[in-house]
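# Structure at a glance
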Amino acid sequence: MKQEYKLKMLESELRKVLSEALMEMKDPYIETVRSLITFSRVEVSKDKRYADIYVSVLGDESKRREVVEYLDSKKGYFRTYVAKSIRMYVAPELRFKEDKGIEATVRIAQLLDSIKEKEKSDDNK
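Each chain has its residues counted from 1, following the order in which its sequence is written. Per-residue local features of the predicted model are confined to residues with pLDDT of at least 70, and side-chain atom pairs are confined, for both listing and counting, to 80 or more; whole-chain, interface and lining totals are unaffected and use all residues. Calculation of side-chain values draws on the structure's entire complement of heavy atoms; hydrogens and water are dropped beforehand.

An unreviewed UniProt entry lists the chain under the name Ribosome-binding factor A, with Fervidobacterium islandicum given as the organism. The heading Function (unreviewed entry) in the UniProt record of the chain holds the text "One of several proteins that assist in the late maturation steps of the functional core of the 30S ribosomal subunit. Associates with free 30S ribosomal subunits (but not with 30S subunits that are part of 70S ribosomes or polysomes). Required for efficient processing of 16S rRNA. May interact with the 5'-terminal helix region of 16S rRNA." Per UniProt, the chain has the following entry under Subunit (unreviewed entry): "Monomer. Binds 30S ribosomal subunits, but not 50S ribosomal subunits or 70S ribosomes." UniProt positions are given in the numbering used here, feature names are shortened, and annotations may be inferred rather than shown by experiment.

Set out below in structure tokens:
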């Protein structure tokens with residue numbers, strides 16, 4: 001239990017530090033899309049060697065994929081920032097992934113709304 005708690009605390013701290021790194025990043029591309037990017041969650045492996053960072057990006061699918069690939073290309077910057085900010089034996093290797101959970105939630109909400117509208121129109125007949 002204690003180990004799991006420490007891992008969750010580390011994930012939370014990593015998410016915060018990565019957000020700070022994104023805000024401080026001086027890059028013309030990031031300047032244009034910074035407000036659209038959210039690090040939704042971080043999952044650290046039990047041995048703390050790897051961290052999967054789930055990225056949520058507002059926009060169409062091609063834009064999301066483009067931003068995730070760009071962040072993945074800059075993972076050296078983010079790993080260095082993490083190493084300087086969090087005291088760890090070894091900074092974890094960062095793997096950026098697109099978070100499809102938020103998109104699925106929005107899609108389900110839209111489907112439920114359309115079902116409710118259909119039921120209302122059927123009841124009015």
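There is more to say after this.
Note on aromatic pairs: the rings of Phe, Tyr and Trp (six-membered ring only in Trp) are paired at centre separations within 6.5 Å, and the planes decide the class, stacked below 30 degrees, edge-to-face beyond 60, tilted for the rest. Applying the stated criterion to the full structure yields six aromatic pairs. Between the aromatic rings of Y77 and Y81, the centroid separation amounts to 6.3 Å while the plane-to-plane angle is 45°, which identifies the pairing as tilted. Of this pair, Y77 and Y81 both sit in helix α4 (residues 75–85), four residues apart, roughly one helical turn. What links up through ring pairs into an aromatic cluster is the set F39, Y77, F78, Y81 and F96. The criterion is that NZ of a Lys, or CZ of an Arg, lies within 6 Å of the ring centre and within 35 degrees of the ring normal, and then a charge sits over that ring. A cation over an aromatic ring shows up here: R41 above the ring of Y54, its NZ or CZ 3.9 Å from the ring centre. Counting from the N terminus, the helices are DSSP H or I runs at least four residues long and the strands are E runs at least two residues long.

Below, the discussion takes up the sheet that holds strand β2 (residues 50–57). Taken in spatial order, the three strands make up an open sheet running β1-β2-β3, and their pairing is mixed. Two strands close off the open sheet at either side, each with one partner strand: β1 (37–44) and β3 (93–98). The sheet shows a mean angle of 25° between the axes of neighbouring strands, taken without regard to direction. Examined bridge by bridge, β2 and β3 share six bridges and lie parallel to one another. In the strand pairing of β3, D52 is matched with R95. Packing of helix α1 (residues 2–24) onto the sheet brings it into contact with β1, β2 and β3, and relative to β1 it is tilted by some 150°. For two strands to be treated as a pair, DSSP must find no fewer than two bridges joining them. All axes here are fitted lines through C-alpha atoms, helices being fitted over the stretch that makes contact, and every angle between N-to-C directions spans 0 to 180 degrees. Whether two residues touch is decided by their heavy atoms; if any such pair falls within 4.5 Å, the residues are in contact.

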